[in-house]
Amino acid sequence: MSDIDEKKDALIATARRCFDLRLQTNAGGNLSVRLESQDAILIKPSGVGFNECSRDNLQIVHMDGRIEPSPHKPSKDLGFHLGLYRTRKDIRAIVHCHSPWATGYASAGVEIPCLTVQSIEKIGRLPLIPLSPKGGPQTEHEISPVFSDPGIVAAVLANHGTIGVGPSLMSAQYLAEIIEETAHVAYLRDVLAAVHGKHGIGLPRFGTAEGANADMA
Ligand SMILES: [Zn+2]
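Residues numbered from 1 in each chain as written. Predicted model: local features only at pLDDT ≥ 70, side-chain atom pairs only at ≥ 80, totals over all residues.

Enquirer: Whenever I open this one, the overall build of the protein confuses me. Can you help?
Expert: What the protein contains, in helices and strands, is seven helices and seven strands. Taken from the N to the C terminus, the helices and strands of the protein come in the order α-β-β-β-α-β-α-α-β-α-β-β-α-α. For a compact globule of 217 residues, the expected C-alpha radius of gyration is about 17 Å, and the protein comes in at 18 Å, within 12% of that figure. Taken over 217 residues, the protein has a buried fraction of 36%. (Helix = DSSP H or I, 4+ residues; strand = E, 2+ residues; numbered from the N terminus. Rg over C-alpha atoms; globule rule 2.2 N^0.38 Å. Buried ≥ 20, exposed ≤ 12 C-beta atoms within 10 Å, placed from the backbone.)

Quick look at the structure:
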């Protein structure tokens with residue numbers, strides 16, 4: 001199978017998983033992956049749902065911005081996807097979705113805390129990126145500088161959604177899932193802590209038992 005068909009099938013499977021998990025409804029959000037065979041990416045076009053991706057409707061866009069002829073419109077998110085790939089060579093795939101628990105935090109202007117050992121290990125920190133200075137959706141000018149820190153693998157966009165990046169589509173998708181799970185856990189923690197009058201709840205400092213043991217040594 002060619003590199004392009006292999007990446008198309010991976011993107012279709014990842015998009016379907018994201019849709020089936022209800023992390024993205026209708027035609028919002030976007031996902032993309034770098035091609036190995038050329039200096040270009042594969043990306044979902046505008047107006048196509050995560051459950052509607054097919055080998056026929058995915059677009060190829062070169063890193064210099066040239067879009068291969070297609071009957072579809074390029075995604076509004078294309079600029080920030082290209083910006084992220086240009087910023088970090090280790091970013092090979094991006095999943096951007098509008099998952100509701102995380103976007104709720106993002107709309108409240110509250111950074112999602114990484115509370116669990118898994119979110120600490122896999123993500124560490126989830127920066128909250130404000131809207132563009134004109135009040136519209138975040139662009140590469142707001143997003144790329146945050147990801148110029150090689151330790152950042154995920155972020156939340158104010159009033160908008162989430163971004164997970166990784167070496168493969170599935171690794172970026174896993175982050176999209178952990179972000180949403182983390183927001184859900186954080187909400188429940190905050191509500192239960194308020195109801196039970198609990199303050200100063202202890203948090204893990206490490207994502208793994210190995211990390212904790214190493215610190216004791
Ligand atoms: Zn979006």
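Enquirer: Honestly, the nonpolar core in this entry has me stumped. Any pointers?
Expert: As a rule of thumb, soluble globular proteins bury nonpolar side chains together. By size, the foremost hydrophobic cluster in this structure holds 52 residues, and its most contacted members are Leu-11, Ile-94 and Val-165. Of the residues forming this core, the biggest block, eight residues, is contributed by helix α6 (residues 169-195). Apart from residues no more than four positions distant in its own chain, Leu-11 is found in contact with Leu-31, Val-33, Leu-42, Cys-53, Leu-58 and Leu-169. (Core = buried A, V, L, I, M, F, W, Y, C linked by C-beta atoms within 7 Å. Contact = placed C-beta atoms within 7 Å.)

Enquirer: Mind showing me how you'd approach the packing of helix α1 (residues 3-20) against α6 here?
Expert: The contact between α1 and α6 brings their axes to 10 Å, and the two run at 15°. The angle between α1 and α6 places the two elements in the roughly parallel class. The crossing of α1 and α6 is right-handed. Judged by residue contacts, Ala-10, Leu-11, Thr-14, Arg-17 and Cys-18 of α1 engage Leu-169, Met-170, Gln-173 and Ala-176 from α6. Here the residues of the contact of α1 with α6 are counted per class, giving six nonpolar, two polar and one charged. (Axes fitted to C-alpha atoms, helices over the stretch in contact; angles between N-to-C directions. Parallel < 35°, antiparallel > 145°, perpendicular 65-115°, else oblique. Left-handed = near helix turned anticlockwise from the far one by under 90°. Nonpolar A, V, L, I, M, F, W, Y, C, P; charged D, E, K, R; others polar.)

Enquirer: What's the story with the pairing of strand β4 (residues 93-97) in this structure? I'm lost.
Expert: The side chains of a regular strand alternate between both faces of the sheet. In terms of burial, β4 is a largely internal element, five of the five residues being buried. Residue alternation in β4 divides its side chains into two sets, Ala-93, Val-95 and Cys-97 and Ile-94 and His-96, and both sets are buried. As defined by bridge partners, strand β1 (residues 30-34) adjoins β4 across four bridges and the pair is classed as antiparallel. Considered in β4, the bridge of Val-33 is made with Ala-93. (Pairing = 2+ DSSP bridges.)

Enquirer: Explanation requested: the pairing of strand β7 (residues 161-166) in the structure shown.
Expert: A large share of β7 lies buried, amounting to six of its six residues. With four bridges joining them, strand β6 (residues 154-157) and β7 adopt antiparallel strand pairing. For Ala-155, the partnering residue across the bridge sits in β7 and is Ile-163. The hairpin turn running from β6 into β7, its antiparallel successor, is three residues long, and Asn-159 in that turn takes a positive phi close to 55°.

Enquirer: Whenever I open this one, unusual backbone geometry confuses me. Can you help?
Expert: The phi torsion of most residues other than glycine is negative, and most of the peptide bonds are trans. One non-glycine residue, Arg-22, lies in positive phi territory at about 65°. Counting through the fold element by element, Arg-22 comes out in the loop between α1 and β1. On the neighbour-count criterion, Arg-22 (11 C-beta atoms within 10 Å) is exposed. Of note in this structure, Asn-159 is not a glycine but carries a positive phi near 55°. Here Asn-159 shows up in the loop between β6 and β7. Given 15 C-beta atoms within 10 Å, Asn-159 falls into the partly exposed group.

The quantities given are spatial measurements derived from coordinates; they are silent on function.
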